[in-house]
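# A look at the structure
Chain by chain, the residues:
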Amino acid sequence: MNTTPVNTVDMSTTFGHLELAAPVTTASGCAAAGRELDQFFDVTQLGAIVTKSIMLNARSGRPTLRMAETPSGMLNAIGLQGPGIESFIENDLAWLRDRGATTIVSIAGGSIQEYQELAKRLRHEEGIAALEVNISCPNVANRGEVFACNPIEAGGVIHAVRRNTNSRVPILAKLTPDVTDITQIAKSVIDAGADGISVMNTTLGVVIDTTTMKPALANVTGGLSGPAIRPMAVRCVWQIHQAYPDVPILGMGGIGSGLDALQFILAGASAVSVGTTTFNDPTTPFRVQVELEEALAQRGFSSLRDAIGFAHPLETD
Amino acid sequence: MPSAVADPIRVEAEVLSVRRVGEYFVMAFAAPGIAERVSPGHFVAIAVGGDRSSMLLRRSFSIYRVDPSGSFGGTLEIVVGPKGAGTQWLVSRRPGDMVNLIAPLGRPFSLPVDPVACILVGGGYGAAPMFALAEQLRERGSHVDLVLGAATESRLFGLVEGRRAATTLTTTTEDGSDGVQGRVTDVLPDLIKQHDSQVIYGCGPMGMLQAIAGVASDHGIASQCAVEESMACGVGVCMTCVLPVIGNDGVTRMVRSCTEGPVFFGDQVRWSDVGTVPDDCLGAPTPTVVSAPLQGRGALPDEPAPRGPVSRGGVR
Ligand SMILES: Cc1cc2nc3c(=O)[nH]c(=O)nc-3n(C[C@H](O)[C@H](O)[C@H](O)COP(=O)(O)OP(=O)(O)OC[C@H]3O[C@@H](n4cnc5c(N)ncnc54)[C@H](O)[C@@H]3O)c2cc1C
Ligand SMILES: Cc1cc2nc3c(=O)[nH]c(=O)nc-3n(C[C@H](O)[C@H](O)[C@H](O)COP(=O)(O)O)c2cc1C
Ligand code: FES
């Protein structure tokens, strides 16, 4: 730890009613519920743990192969494997609470009603700093169209979750980049009551195995993540911040160093999540946080907040 | 599940040696702090390609040998069969180079309480963990038959060492270039009878493990198999490495082979269903059919029929 006062940066950041002591979190699905990573670094030191998206019922996920490595990235089709909300509350949430970690719970559903049930079930649980609503899920009622690809459905989910969540618990809507105009989706979730936006989820891809001459993944398509998608993710943050400068953004996509994180902050993110690079090195989220503070200090920032959106031209009325 | 969870650490390890043995490379690393935590069956995950590598995912290897008292403050050895870019990079390291490794990972083999006769089977580089296991079993008084099998002689690993570590050594090759021509399972029934073996330990390709587990259950004895599933994180956070395993409660779950395995009891793995999600698995999609073609983004025209209503598009 750096003790020289000149180098200390106020790293705190806000999402609605939530103040995070530090701006780096794990990315949903890349840290389970924090327990495994706690072997490698103190998870309470991180801004927050964003847990793997949880659904109402236990879910087996997809068949294997679920993963293919790609240049500076990977394709995954896990299929939201998880134990269901009751087991999550009993085991994972309880562990995070006992451990004293700041926890952002990610929820996922196949219908607006499922999201609503999840929100209701979580409403009276202690130790939830915020909800992240993963709307990159197929809408069963709408022939599998992903909620986050349809402004009305996306807004519908957020509205239902907002109505059933304590008003002091912020809600982040997690968007997919696989849309024509991400600011349109952003607008509808903000209008529906989202306190912030998480961006981006993975982008769809296919890898063909040239030995078998078949798709590498059992599911054919998978979500691309890792440093390969970083410029795309920074673009999403940039566009949303430009359109809605007052809406806090949790930025993610290929962050593996403090400077990577700084790009997101300068583009307009209030905090960042570290996902795929955790697989390369389980200490990455913590290292990113330390490096980000150094990078801000080196650039003369005394507060993270001053750096948010710094890359944008000054507003002229 | 066999044995307790490991307490892994992450270290920058110096490459001490790279030695070619048949089609494999034996690599030794100075890995302080790791050796004393390792039991046979644990694995190590190694970052490949250097600091600015485009290969993000670690490669996993069974731990072959450890020496806590080595002159380098603890050493660790693996046996690498070069496959793609990651393993090629690894075996082209030279003494003095540094690599980042995380170990020990996973649950190791568990040892029987009584000194019963055991059969250890290693397929190809799957032989790696068997020598240390043989030694530990013999120290406890077990009779140990070691069977090493491969497609051909150059892919048999550790014959000299095997002869020393085990009570008996049998080799099999599919082309007959060494030992018995055929597969490891061809020699198992006789070995089981000879010494009334009670446990078979296996490490190697999934097909071989399935066959071993089958022989064991046919003879009413136990088997423990170290599986090899594709892994993205190796530490239990990503859910890529799962396979269908029957729990003690009789319920099948998709379980992580990196943390709950890689060693499983042979009769708990649903070998024929590996690569699928069995319909009776906890949380399996309800087998209803989506009739209309999907129009959502991500619906590709040539995708196979979805298993259930929510099985498409939701890749995130
Ligand atoms: C628990 C465990 C123990 C293993 N022990 C050994 C060992 O002792 N010696 C040895 O030579 N190999 C071992 N393997 C297999 C080894 O991890 C793969 O051969 C290696 O990852 C291939 O990497 P690559 O870059 O050379 O090949 P590529 O085919 O280019 O790899 C591409 C991607 O697929 C993954 N992958 C490819 N093949 C395998 C495989 N067979 N198993 C798991 N992931 C794979 C890689 O990790 C990588 O992410 C083990 C695997 C596991 C899971
Ligand atoms: C293996 C894996 C599983 C994921 N699971 C989820 C999930 O359950 N919910 C979710 O909202 N995002 C999930 N994601 C997406 C990540 O949270 C993140 O948005 C995306 O991977 C981009 O960030 P990255 O490049 O840092 O990984 C997953 C990503 C990966 C690689
Ligand atoms: S490899 Fe990530 S959970 Fe097993």
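Residues numbered from 1 in each chain as written. Chains lettered and ligands numbered in written order. Predicted model: local features only at pLDDT ≥ 70, side-chain atom pairs only at ≥ 80, totals over all residues. Heavy atoms only, no water.

Let us look at the overall build of chain A. Helices and strands together make up the secondary structure of chain A, namely 9 helices and 18 strands. Taking 317 residues into account, the globule formula puts the C-alpha radius of gyration at 20 Å, and chain A, at 18 Å, falls close to it. Considering only residue pairs separated by 6 or more positions, chain A has 71% of its internal contacts joining residues 24 or more positions apart. Split by element, the accessible area of chain A, about 11,800 Å² in all, is 50% carbon and sulfur. (Helix = DSSP H or I, 4+ residues; strand = E, 2+ residues; numbered from the N terminus. Rg over C-alpha atoms; globule rule 2.2 N^0.38 Å. Contact = heavy atoms within 4.5 Å. Areas by Shrake-Rupley, 256 points an atom, 1.4 Å probe, with all protein chains shown as cover.)

Here the focus is the site of ligand 1. Residues and elements named next belong to chain B. Taken together, 20 residues lie near ligand 1, and Ser60, Gly81, Gly84, Thr87 and Glu228 sit nearest. Here Gly81 contributes a backbone N or O atom positioned 2.7 Å from an oxygen atom of ligand 1. Here Gly84 contributes a backbone N or O atom positioned 2.7 Å from an oxygen atom of ligand 1. Relative to its free-state accessible area of 830 Å², ligand 1 is covered by the protein chains to the extent of 86%. Only strand E4 (59-62), strand E6 (75-80) and helix H1 (85-91) provide two or more residues apiece to the shell around ligand 1. With 4 residues, the top contributor of residues to the shell around ligand 1 is E4. Classifying every residue of the shell around ligand 1 gives 8 nonpolar, 7 polar and 5 charged. Per-domain counts for the shell around ligand 1 show at least three residues from each of domain 1 (9-105) and domain 2 (118-273). (Near = heavy atom within 4 Å. Polar contact = N/O pair within 3.5 Å; in protein donor to acceptor, adjacent residues only side chain to side chain. Nonpolar A, V, L, I, M, F, W, Y, C, P; charged D, E, K, R; others polar. Domains from an automatic or database assignment.)

With that settled, the discussion passes to the nonpolar core. Formed by 100 residues in total, the largest nonpolar core has its most connected members in Ile107(A), Ile135(A), Leu175(A) and Val199(A). Looking at this core, the element that brings in the most residues is helix H1 (residues 85-99) of chain A, giving 6 residues. Counting the residues that make up this core, at least three belong to each of domain 1 (9-105) and domain 2 (118-273) of chain B. The contacts of Ile135(A), once residues within four sequence positions are left out, are Tyr115(A), Val146(A), Phe147(A), Ala148(A), Ala154(A), Val157(A), Lys174(A), Leu175(A) and Val189(A). Of all hydrophobic cores here, the second largest spans 28 residues; its members include Tyr24(B), Leu137(B), Leu148(B) and Phe157(B). (Core = buried A, V, L, I, M, F, W, Y, C linked by side-chain atoms within 4.5 Å. Buried < 20%, exposed > 50% of the residue type's maximum accessible area, 1.4 Å probe, protein only.)

Attention shifts here to helix H2 (residues 112-123) of chain A. The terminal C-alpha atoms of H2(A) lie 16 Å apart, and with 12 residues this matches the ideal 16 Å at 1.5 Å per residue to within 8%. Of all the positions in H2(A), only Glu114(A), Tyr115(A), Gln116(A), Leu118(A), Ala119(A) and Leu122(A) are classed as buried. (Expected span 1.5 Å × (residues − 1).)

Another point: the site of ligand 2. Near ligand 2 you find 24 residues, and of these Ser28(A), Ser53(A), Lys174(A), Gly254(A) and Thr276(A) are the closest. The residues that come close to ligand 2 belong to more than one chain, namely chains A and B. Lys52(A) is positioned such that a nitrogen or oxygen atom in its side chain is 3.1 Å from an oxygen atom of ligand 2. Gly226(A) places a main-chain nitrogen or oxygen 2.8 Å from an oxygen atom of ligand 2. In isolation ligand 2 offers 600 Å² of accessible surface; the protein chains occlude 100% of this area.

Mean pLDDT over chain A stands at 95; residues scoring 70 or higher make up 97%. Under a pLDDT of 50 for its full length, residues 1-5 of chain A has, in the predicted model, 1 contact with residues more than four places off or in other chains. (pLDDT = per-residue confidence, 0-100.)

What follows concerns the sheet that holds strand E13 (residues 222-226) of chain B. All names here are of chain B. With mixed pairing, 7 strands are arranged side by side in an open sheet as E11-E10-E9-E8-E12-E13-E16. Strands at the two margins of the open sheet, each flanked by one partner only, are strand E11 (180-181) and strand E16 (263-265). Of the strand pairs in this sheet, strand E8 (residues 118-123) and strand E12 (residues 199-203) are connected by 5 bridges, and their pairing is parallel. By the bridge assignment for E12, Cys118 is matched with Val199. In the packing of helix H2 (residues 130-139) onto the sheet, the strands contacted are E8, strand E9 (144-150) and E12, and the crossing angle to E8 comes to about 170°. Across the sheet, helix H5 (residues 206-218) is in contact with E8, E12 and E13; its angle to E12 comes to roughly 175°. (Pairing = 2+ DSSP bridges. Axes fitted to C-alpha atoms, helices over the stretch in contact; angles between N-to-C directions.)

Turning our attention to the pattern of salt bridges. All names here are of chain A. One pass over the structure, following the stated rule, counts 25 salt bridges over all chains. Between Arg121 and Glu86 there is a salt bridge; the shortest N-O distance is 2.6 Å. Taken as a pair, Arg121 in helix H2 and Glu86 in helix H1 lie far apart in primary sequence, 35 residues in all. Classification of Glu86 as partly exposed rests on a relative accessible area of 41%. Through salt bridges that share partners, Glu86, Arg97, Arg121 and Glu125 make up one connected network. (Salt bridge = Lys/Arg side-chain N within 4 Å of Asp/Glu carboxyl O.)

Relative to the helices and strands, Gly61(A) resides in the loop between strand E4 (49-50) and strand E5 (67-70). The class for Gly61(A) is buried, based on a relative accessible area of 10%. In the structure, Gly61(A) is positioned 213 residues away from Val274(A) in sequence and 22 Å away in space, judged by C-alpha atoms. Those residues in contact with Gly61(A) that sit more than four places away from it in its chain are Arg66(A), Ile78(A), Gly79(A), Gln81(A) and Val277(B).

A few words now on the sheet that holds E5(A). Residue and element names in this part refer to chain A. Pairing is antiparallel in the open sheet, where 4 strands are placed in the order E5-E6-E16-E13. In the strand order of this sheet, the two ends are held by E5 and strand E13 (203-206), each with one partner. The sheet shows a mean angle of 35° between the axes of neighbouring strands, direction not considered. Here E5 runs beside strand E6 (residues 73-76); their pairing, made up of 4 bridges, is antiparallel. Note that in E6 the partner of Ala68 across the bridge is Leu75.

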